[in-house]
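# Close look at the chain arrangement
Here is what each chain is made of, one letter per residue.
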Amino acid sequence: MSQLGTETAFEVLARAEQLAREGRDIINLGIGQPDFKTPPHIVEAAVKALHDGHHGYTPSPGIPALREAVCRDIEKYRGVSVGPERIVAVPGGKVTMFFAIMMFGEAGAEILYPNPGFPIYESVIKFSGATPVPIPLLEERDFSFDAEAVLDSITPRTRLLIINSPANPTGGTIPRETIDTLVAGLEKHPHVAVMSDEIYSRMTYDGLEHASLMAYPALRERVILLDGWSKTYAMTGWRLGYGVWPAGLVDAAIRMAVNSYSCVNAAAQYAGIAALTGPQAPVGDMISAFDARRRLVVERLNAIPGLSCVMPGGAFYAFPNITGTGLSAKELERALLERAGVATIAGSSFGAHGEGYLRVSYANSRANIEAAMGRIRDCLAQL
Ligand SMILES: Cc1ncc(COP(=O)(O)O)c(C=O)c1O
């Protein structure tokens, strides 16, 4: 158990809430979820499901209509045809991650993962007994990676490669050419499976098209796709996600489900169908709002002495370089929260390669973002 890590975002949130209870005015830019509410037609679908008596267990991988709706969504947004038998609904995207890493990880195995990256990758890799091998994400590549360097890190012990685009915590996206190079190189390493975390797939900006690992026929039988409803439909608290598993791994994923949570909350599954099959305008409106805030936050961060920030291509995070402040990421996180009342997350919370950066979530109102940027500037001027 000592190998199992955690997600610092929850600790910062707890401290920010404690300060707020003590009467401090806190602006939370540490948060990893949309500040929007779930669209009403989705909420109504869940309420209706409860009134209609959907109170029992469902099939473990999800009700058939949900799995079929996921397939149509994958066809629509990724141009890929998969059968519903490959879909396993899970209580949150995180669960697909946990299952995949536990399936492939064991003592002596190596798992490649993005660093800085979602902290649960490294945590669960260590928990599984495997060795975490970081893929450094590079600011000079807008937080993508060097595909040749990744291929060079593969050894006979490598079991799984984790990719996340658009990414938490950097907001970076991996260009299609980089994925092309990676996929071509992987043909020489048939023993390596890939888990592609595409939970932010709908959140790309500047007309950028999401490049999905699912779309490469060469990887068809070794890609596990992680996606879900949490970010796209502002449904983090509903706990609903899905995995698309290679044919040879579906039964294992379902057995993991049966051994842990049996099935996802039935009403949430009906909400999930409404989300995928209903109007997409609320998603578009939310992403437009994020886009405008993204420009605002990057412009304001770059105007603060000591900070510099590349323009993120996706998700709802900016990842400014803070080395000009002379402070460590944790020191700056603490100073901003305690002195300026602005919650952010130290880049080092996302792995060693995140030192020298800060994660700033712009899932907050324009007014709060403006106010927070003023506070950060003033706080740094006084330090
Ligand atoms: C990269 C990434 N993957 C997966 C998840 C987990 O999503 P869920 O809330 O659906 O479990 C998150 C949530 O923050 C994330 O940032």
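Throughout, a residue's number is its position along its own chain's written sequence, starting from 1. For this predicted model, a pLDDT threshold of at least 70 governs which residues receive local features, and a threshold of 80 or more governs which side-chain atom pairs are given and counted, while totals over whole chains, interfaces and linings are taken from all residues. Here the side-chain values reflect all heavy atoms present in the structure, with hydrogen atoms and water set aside.

Here the focus is the overall build of the chain. Tallying secondary structure elements over the chain gives 12 helices and 12 strands in all. Against the globule reference of 21 Å for 383 residues, the chain gives a C-alpha radius of gyration of 20 Å, in line with a compact fold. Structurally, the chain occupies a C-alpha span of about 60 × 55 × 45 Å along its principal axes. What makes two residues a contact is simply this: any of their non-hydrogen atoms within 4.5 Å. Once local pairs closer than 6 in sequence are excluded, the contacts in the chain between residues at least 24 apart make up 75%. We get accessible surface area from the Shrake-Rupley algorithm with a probe of 1.4 Å; when it comes to residues, only the shown protein chains can shield them. Of the roughly 15400 Å² of accessible surface on the chain, a fraction of 53% belongs to carbon and sulfur atoms. The convention is simple: Lys and Arg are positive, Asp and Glu are negative, and His and the chain ends are not counted. In plain terms, the charge of a residue is placed at NZ if it is Lys, CZ if Arg, CG if Asp and CD if Glu. If you average the places of the 34 positive and of the 40 negative side-chain charges in the chain, the two averages end up 4 Å apart. Labels follow the DSSP assignment, with helices taken as runs of H or I lasting at least four residues and strands as runs of E lasting at least two, numbered in each case from the N terminus. Using C-alpha atoms as the atom set, the radius of gyration is obtained and then compared with a globule rule of 2.2 Å times the number of residues to the power 0.38.

Along the chain, L13 turns up in helix α1 (residues 8–21). Note on L13: relative accessible area 25%, which makes it partly exposed. Distance from L13 to I31, taken between C-alpha atoms, is 7.3 Å for residues 18 residues apart in sequence. Aside from chain neighbours lying at most four places away, what touches L13 is N28 and I31. Classification of residues uses two cut-offs on accessible area relative to the type maximum, computed with a 1.4 Å probe and protein chains only: under 20% is buried, over 50% is exposed, and between them is partly exposed.

Attention shifts here to helix α5 (residues 119–128). A large share of α5 lies buried, amounting to seven of its 10 residues. All buried positions along α5 are accounted for by P119, I120, Y121, S123, V124, I125 and S128. Residues of α5 that are buried sit in contact with α4 (93–104), β3 (110–115), β4 (131–136), β5 (158–164) and β6 (193–197). One or two positions beyond α5, positive phi appears at G129, with a value near 100°.

Between the first and last C-alpha of helix α10 (residues 281–302) there are 32 Å, a value that for 22 residues agrees with the 32 Å anticipated at 1.5 Å per step. Every buried residue of α10 is listed here: V283, M286, I287, F290, D291, R293, R294, L296, V297, V298 and L301. Elements that come into contact with the buried residues of α10 comprise β9 (317–318), β12 (358–361) and α12 (366–382). Helix span, as expected, comes to 1.5 Å for every residue beyond the first.

Let's shift gears to the packing of α10 against α12. Close contact between α10 and α12 brings their axes to 10 Å; oriented N to C, the two are set at 10°. Our classification of the angle between α10 and α12 gives roughly parallel. Residues A292, R293, L296, V297, R300 and L301 of α10 lie in contact with α12, whose contacting residues are R366, I369, E370 and M373. Throughout, the ten residues Ala, Val, Leu, Ile, Met, Phe, Trp, Tyr, Cys and Pro are labelled nonpolar, Asp, Glu, Lys and Arg are labelled charged, and all others, Gly among them, are labelled polar. Here the residues of the contact of α10 with α12 are counted per class, giving six nonpolar, no polar and four charged. Lines fitted to C-alpha atoms define the axes, with helix axes restricted to the stretch in contact, and inter-axis angles between N-to-C directions lie between 0 and 180 degrees. For classification, angles of less than 35 degrees are called roughly parallel, those exceeding 145 degrees roughly antiparallel, those between 65 and 115 degrees roughly perpendicular, and all remaining angles oblique.

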